[in-house]
Every structure is written in C-alpha cells, then in structure tokens.
Amino acid sequence: MSEPNTNLENEPQPDAASSEAEVAGVADVAAAAPADPDYGATWFNAQAGTAPGFAKLSNDLDADVCIIGGGLAGLLTALEMARRGWSVVVLEERRVAWNASSRNTGFVRPGFFQSIDRIVERVGVDDARELWALSQDGLEHLRRSIDDGASHIIQSEGSLQISKTNREREIADKADLLREFGADIEVWPAHLVRSKVKSPYYFQAIHFPTAFNLDAYAYARHLIERAEAAGVRIFEQTPAVAIDPAGVRKRIITPHGRVRAAHIVLTGNVHLGRLVPEVAHMLIPLETFAIVTKPLGDRLVEALDYRGAVSDSKFAGHHYRIVSGDRLMFGGRLGSPGANPRWHGYRLRSELRARFPQLGRVEVDHAWGGTIGLTVHLMPQIGEVSPGVWLASGFGPQGLNTAAMAALLISGAIAEGDDRFRLFEPFELVWGGGRMGRLIAKHYHAGFRRYEDFASRQSRRREVWWSKNEPRLKKEAEEAAERARILAEQAAAAEAERREQRKIEAEQAELRRIERERIAAEKAEAKRIRDAEKAEAKRLRAEQKAAAKAEAARLKEEQRAAARAEKERIAAEAAAAAKAAEAKRPEAE
C-alpha cells in the first residue's frame, strides 16, 4: 500500500443516524466485489481477473540464486539476475505478488518514507545525495521495465505532496535541498494547489512531474510474464520451512523439495517470521487500506482537476488519484494485520466526504487492505545479512521505487560486486518491538494524526481569520505605514538638522583651531625675532669685548716694546759711553 493515513477528526463526520446504514452499504459493496482468496477484492484484480497459477515445488533443484518471496522485490531481482544469465528459482508461500505488491495504490516517486533531512542528519550530505540518486534510479528502472506493449500499466503521470498546514518557508527549504540532490521538482503555492485539488484544507505542495502511477496488479502480472520468459522458475504454495546458509551451496527446505543455491535473497517482508524470525522481528507489520468509488461523473472535476497522485501528508494523511476516468481511488488509515477492510472503507469514505464535501453522496465499489513492513528508522533493509544471504525488505509505504532499487543493488552486488548497498549500513537492523512495537506504532500514528489535525485546524483558522480581517488589517497596516512614514520623515528631518548643526559646530571648531594656530605661529615668530635680536646683541657685545681686549693687549705690547727699546737705547748709550771712556783712558795715561 502507499502512505498510511488518518481520519479527519477536526472535520465534519456523518451523523450517527446514518452511520449504521452507511457501514452496511460499504460492507455490501465490498462483499459484492469479486474477492480472490489470496489477492483480495481490490479494484485492480477486479479489472484483470484471476492471475494464472504456478505449480508447487515437488522435487530437488539446483540454481544460482533462490529468492524467497514472490512480491515485486523478488520478481524484479529474479528478472535482473536472469538477464545476466544466472539461473533463478522463486519460492512463494501463497501466490506471487498476492499482498501489498498487487494491492498498493501504485504511486511511483523518488525518495524514501523517511524524510530527506533526517537522512542527511544520519549519514551526511554526500551519502544522502547518493541515496536519493539510488531512489531515482529505482523509479527510472521501474518505468523501463514496462514494455511498450504494456503501456496501459502506467495510468497517470505526476505526484503531488501537499501540506495541510501553511509551511511556505519549510516547503521551499525542502525543495532547495532536493534540488541540490538533483531532484526534478516544482513548488506549488497554495492558490495553484487549490485550483487543482479543490479543498480549503490544503496549502503549498511539492510536485514531482517525473513520478507516475501504475496498475499494481497489472504490473505484477507483467513482471511474472517477463520473468518466466527470461527463464525464472516460479513455485507457488511452496513455503520455505528452513534454510541452511552454510557453505558454498546453501540449502532451502520446502515441504516437498529442496533447492540448492549459491545465493539466497529474502524478499518475503513481514511474512518471513517462521523462516527467519530474527529478520522478520525487525519489522513492524501494519495494515493500510484503500477504496475505489463508483463513477462520480461530472462531480469529480468539482473536487479534483489533477490526474496524478495526491498525498496530503507523509505519515498521517490521505493519498488518492483518479482511476477509470471518473472514479476516485482513496487510501489511508492504519490498522493491525487482519483488520476488517469494510470498516476502514467506511471510515475512508467518511474522510473523503469531509475532505471534498462538494462530491455529495459517494458510493464505494471496492474496499481492501494490504500489509506493509515498517522499520524503526523508516528506511529499507537492503544488504547481505551473512555470506551469500541477502535481504530486501522493510520498504514501508513507499515500496515501488525502493523495491526496484533493491533489485538493482542486490543483483549488481551478486553479479558484479557492486557495493553501493553499503550505503544502507547506517540503517542497521533494529528490533521492531514485537506486539508492543505494533501497538506503539499505532499510538504514534494516532498521536501524529491528532497533532497534524490540530496543526491543520490552526492553519485553517488563521487563514479564515485573516480573510475575514484582511480589509481591516490592510487599512490598519496602511495607517501604520503612513504613521511610520511620517515618523521616519520627522526623524530624517531631525537627523538632517542635527547633521547640519554638527557641521556648523565642526566648521566653527575648525575656525577656532586655525585662529589658535595663527596666534601660536605669530607668538613663535615674535619669540624667534627676540631670540635672534638677543643673540645678535650678545654677539656684538662679545665682539666689542674681544676687540677691546685685543686693543688693550696691543697697547700693552706696544708699551712693552717701547720699554724694551728704551732699555736697549739706554744700554746702547751706556755701552757707547763706556766705550768712549775706555778710549779716553789710554790717552790720559
């Protein structure tokens, strides 16, 4: 099945007086629909009729690969291995593709049940980008696996994920992240969403134009035919009761024969309990439900003008699409395996009428359920659990593209040694909690449903309140804007005045500074002149003193010279006199 869902507790429900009659009406319709004991009373098998059967295994066989579980994952893996020339045996306990593989609503879009932001938190941006690319590969492989002659299997194109709360910024951020990973998506604003899906409870959406929607039962039969043509040996009503995984050739025991194979691929999902309980207990088995209405005629376009798939929540909403021109396939809700689809069909019809009251009275042709396996971390279980034993399981509500992706990864790992399956190792096998886990999952779903209903109600109330008060609020906003404009102008004028005053003060301060500098310069110049005059006077005085001193020394020297000359003259005269006297003495004698 596709995404699990909830009733609309916050929206109008049928009155109690009509409830009993309406339940009986749905029950009668569901009982009247042709019900295959294995495939159930689904819309798909009612159109195609009973699928051809396969014999039980009644002897021993050897094969390269033995696949336990004949759902879409098993058939796709078998086909991929057979294409590579490997011999393949498929063992199915009941009928091939009898459960969710042929009962799901046929939504095929990229991604996983876990949100992309949580995946980024767990493994980082680079590995999250690779995981997204793998999910996109699964979608493209699924489309390629449908031959031209089986083009009727694809019933419509596109998928729309709608928010029931006003999350414009959050939706845009998610879209930006997905675009970084290479996703081909569009963001639809609320008015565009409501022009196509005409319910006031819807807001923004992410549109996947490359997604498509198929007839699950017809696709399963198509795969069976292709697998047979490729040489795959398929055995129904052949439960695997034990496996011996030791050695190169592993053994699979069935009630009437054995299979020896080099590789075992477990694709039985929640139905592996008796064979490998340690693996099956890692899943939480849950039942989701769907209905198909009787022809709605021209009323349908009053509610839905979009031919692709619509999901209005990741976990607790509804999912639906148009089938057969004017019928609506409407899915959702969550119950324990074995729950009565008639009762849930009634609830789904009530929720459909609450979602689209313009449809008026809606009658149901088919109501059915299918079991999914949910992991604790909401990611698929893909990998090698022991040498030569592979697991592809736990696809949850988004099981079509992920089943194809698992087939590609496991067949590539077995045949070519491709190790990309290791990208899922961070999402290890975690115990699902057994019966308590199922109970917790149901309560979690109910709690999330109530939370989402509350958030949706609040968003809708805010929107209604806004639409009622928009003229007043707009006028108040305009008045507030005008007041703000006036205040801004006044503030701007005051600021301009302050700037002009500061400019004038700055100019005056600059003039005062220039005047102070001029006066200081004049004082400095006067001081320089005084100092120069003092220095000149001092120089002159020193020169005069030096000159006087030199003159005095000269005069003193002249006096000394004169005195020496006088002494010399007197000495000369004395010498002359003595000489004259000496000359006279002989004469006297």
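The rules behind the values
Residues numbered from 1 in each chain as written. Predicted model: local features only at pLDDT ≥ 70, side-chain atom pairs only at ≥ 80, totals over all residues. Heavy atoms only, no water. Helix = DSSP H or I, 4+ residues; strand = E, 2+ residues; numbered from the N terminus. Buried < 20%, exposed > 50% of the residue type's maximum accessible area, 1.4 Å probe, protein only. Contact = heavy atoms within 4.5 Å. Salt bridge = Lys/Arg side-chain N within 4 Å of Asp/Glu carboxyl O. pLDDT = per-residue confidence, 0-100. Core = buried A, V, L, I, M, F, W, Y, C linked by side-chain atoms within 4.5 Å. Phe/Tyr/Trp six-rings, centres within 6.5 Å; stacked < 30°, edge-to-face > 60°. Lys NZ or Arg CZ within 6 Å of the ring centre and 35° of its normal.

Enquirer: Just give me the short version of the overall build of the protein chain, but keep the residues and values in it.
Expert: Counting secondary structure elements, the protein chain contains 13 helices and 17 strands. Counting all 589 residues of the protein chain, 47% fall into the buried class. Restricting to contacts in the protein chain with at least 6 residues of sequence separation, those with at least 24 account for 78%.

Enquirer: Mind laying out the pattern of salt bridges, listing which residues take part and the relevant values?
Expert: All chains considered together, the criterion is met by 37 salt bridges. With a closest N to O distance of 2.3 Å, Arg-513 and Glu-517 form a salt bridge. Here Arg-513 pairs with Glu-517, and both are found in helix H13 (residues 434-588), just four residues apart, close to one helical turn. Counted as one network, the salt bridges with shared partners bring together Glu-80, Arg-83, Arg-84 and Glu-416.

Enquirer: Describe the confidence of the model for the protein chain, with residues and values.
Expert: Confidence in the prediction for the protein chain averages 85 pLDDT; 86% of positions are at 70 or higher. Scored below 50 in pLDDT, residues 1-25 makes 90 contacts in the model with residues more than four places away or belonging to other chains.

Enquirer: Can you explain the environment of Tyr-201? Please cite residues and give values.
Expert: Here Tyr-201 is to be found in the loop between helix H8 (190-196) and strand S6 (205-214). Taking relative accessible area as the criterion, Tyr-201 reaches 17% and is therefore assigned buried. Considering only alpha carbons, one finds Tyr-201 and Phe-356, 155 residues apart in sequence, at a separation of 9.7 Å.

Enquirer: Tell me about the nonpolar core, and name the residues and values.
Expert: Note on soluble globular proteins: their nonpolar side chains tend to be buried together. By size, the foremost hydrophobic cluster in this structure holds 80 residues, and its most contacted members are Leu-131 and Leu-214. Counting residues per element, this core draws most heavily on helix H12 (residues 400-416), which supplies ten residues. For Leu-214, the contacting residues outside a window of four places in its chain are Phe-44, Thr-105, Gly-106, Val-108, Leu-142, Ile-146, Ile-153, Ile-154, Gln-155, Tyr-219, Arg-321 and Leu-400. Leu-160, Ile-291, Tyr-320 and Val-364 belong to the second-largest nonpolar core, a separate cluster that totals 26 residues.

Enquirer: Go over the packing of aromatic side chains with me, naming the residues and quoting the values.
Expert: One pass over the full model with this rule turns up seven aromatic pairs. Taking 5.3 Å as the distance between ring centres and 25° as the angle between the ring planes, the aromatic pair formed by Tyr-320 and Phe-330 counts as stacked. Taken together, the positions of Tyr-320 in strand S13 (residues 319-323) and Phe-330 in strand S14 (residues 327-335) put the pair ten residues apart, joining distant regions of the chain. The same class applies to Tyr-320 and to Phe-330, which are both buried. Look at Tyr-320 and Phe-356: their rings are 5.7 Å apart centre to centre, the planes differ by 85°, and that puts the pair in the edge-to-face class. A residue pair is termed long-range when its members are at least 10 positions apart, and Tyr-320 in strand S13 and Phe-356 in the loop between helix H11 (341-355) and strand S15 (364-374) qualify at 36 residues. Exposure class is identical for Tyr-320 and Phe-356. Each is buried. Members of the aromatic cluster, connected to one another through ring pairs, are Tyr-320, Phe-330 and Phe-356. Its end group placed over the ring of Trp-98, Arg-94 keeps NZ or CZ at 3.9 Å from the ring centre. Over the face of the ring belonging to Phe-203 we find Arg-194, whose NZ or CZ atom lies 4.9 Å from the ring centre.

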